[in-house]
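# Chains, contacts and geometry: an overview
The primary structure of each chain is shown beneath.
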Amino acid sequence: QVQLVESGGGLVQAGGSLRLSCARSGRTFSLNTMGWFRQAPGKEREFVAAITRSGGTAYYADSVQGRFTISRDNAKSTLYLQMNSLKPEDTAEYYCAASTKDLRLSARVEISYDYWGQGTQVTVSL
């Protein structure tokens with residue numbers, strides 16, 4: 001079993017930055033691609049970013065490309081999401097997700113992931 005716990009969310013003004021963390025525990029040796037998704041009130045959960053096991057390849061949603069950076073430290077069993085130039089439309093609950101597979105193009109698809117965290121709230125004010 002794998003446990004994922006997000007942290008780092010909060011309230012920030014537009015143009016500001018936050019760094020989200022996702023600490024994983026349990027059978028973490030089985031994990032491969034990891035990602036971040038978000039869900040705004042009244043909307044469906046959407047893909048934000050994903051990264052391969054080695055960290056060598058990252059995928060981003062068009063809406064965050066150039067502003068967000070996903071990274072992972074496997075020695076610390078932690079996934080990160082550095083969010084810069086935040087906009088009010090980035091306001092959402094952010095979820096960490098993990099897969100036991102090398103997802104490649106399917107990294108953008110929610111059902112590809114096996115494990116999910118409980119989420120951390122990010123609120124961006126004007």
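Refer to the preceding data block for the structure.
Residues numbered from 1 in each chain as written. Predicted model: local features only at pLDDT ≥ 70, side-chain atom pairs only at ≥ 80, totals over all residues. Heavy atoms only, no water.

## Points about the overall build of the protein chain
Keep this limit in mind: Runs of H or I in DSSP of at least four residues are treated as helices and runs of E of at least two as strands, each being numbered from the N terminus. As a reference, a globule follows 2.2 Å times the number of residues to the power 0.38, and the radius of gyration itself is taken over C-alpha atoms. Burial classification: accessible surface area is computed with a 1.4 Å probe over protein chains only, and a residue below 20% of its type maximum counts as buried, one above 50% as exposed, and the rest as partly exposed. Contact criterion: two residues are considered in contact whenever any of their non-hydrogen atoms come within 4.5 Å of each other. To measure how exposed things are, a 1.4 Å probe is used in the Shrake-Rupley method; for residues, cover is taken only from the protein chains shown. Only four residue types enter the charge count: Lys and Arg as positive, Asp and Glu as negative, with His and the chain ends excluded. A single reference atom marks each charge: NZ on Lys, CZ on Arg, CG on Asp, CD on Glu.
Of the regular secondary structure elements, the protein chain holds zero helices and 11 strands. Ordered by position from the N terminus, the helices and strands of the protein chain form the series β-β-β-β-β-β-β-β-β-β-β. Here the protein chain has a C-alpha radius of gyration of 13 Å; the compact-globule value for 126 residues is 14 Å, and the two agree. Across its three principal directions, the C-alpha atoms of the protein chain cover 40 × 25 × 25 Å. When the 126 residues of the protein chain are sorted by exposure, 46% land in the buried category. Restricting the contact set of the protein chain to residue pairs at least 6 apart, pairs at least 24 apart contribute 59%. Carbon together with sulfur atoms contributes 48% to the accessible area of the protein chain, which is approximately 6,300 Å² in total. Between the centroid of the 14 positive side chains of the protein chain and the centroid of its 11 negative side chains there is a distance of 7 Å.

## Observations regarding the environment of Glu 89
Turning to its location among the elements, Glu 89 is positioned in the loop between strand S8 (78-83) and strand S9 (92-98). Residue Glu 89 is classed as exposed on the basis of its relative accessible area of 56%.

## Things to note about the state of the cysteines
What we call a disulfide is simply a covalent bond connecting the sulfur atoms of a pair of cysteines. To be explicit about the condition: In this description, a disulfide is simply a cysteine sulfur pair whose atoms lie within 2.5 Å.
The full count for this structure, using the stated rule, is one disulfide. Covalently, Cys 22 is tied to Cys 96 through a disulfide, its sulfur atoms 2.1 Å apart. On the S-S bond that ties Cys 22 to Cys 96, the torsion sits near -75°, and the link is left-handed. Note that Cys 22 is positioned in strand S3 (residues 18-26) and Cys 96 in strand S9, a separation of 74 residues in sequence. With relative accessibility at 0%, the residue Cys 22 sits in the buried group. By relative accessible area, Cys 96 is classed as buried at 0%.

## Structural notes on the sheet that holds strand S7 (residues 68-73)
Basically, it comes down to this: Paired strands are those between which DSSP finds at least two bridges. Between N-to-C directions, angles span 0 to 180 degrees; the directions come from axes that are lines fitted to C-alpha atoms, helices contributing only their stretch in contact.
Across the sheet, four strands lie side by side as S1-S3-S8-S7; this open sheet has antiparallel pairing. Looking along the sheet, the strands with just one partner apiece sit at the ends: strand S1 (2-7) and S7. If you compare each strand with its neighbour and ignore which way they point, the axes differ by 15° on average. Relative to S8, S7 runs antiparallel, the two sharing six bridges. If you follow Arg 72 over to S8, its bridge partner there is Leu 79.

## Here we look at the pairing of strand S11 (residues 120-125)
Of the two faces of S11, the one holding Thr 120, Val 122 and Val 124 is buried and the one holding Gln 121, Thr 123 and Ser 125 is not buried anywhere. Pairing geometry for strand S2 (residues 10-13) and S11, over four bridges, is parallel. Among the inter-strand pairings, Val 12 is bridged to a residue of S11, identified as Val 124. Where S9 lies against S11, three bridges are found, and the strand directions are antiparallel. Considered in S11, the bridge of Glu 93 is made with Gln 121.

None of the figures reported here should be taken as evidence of function without further support.
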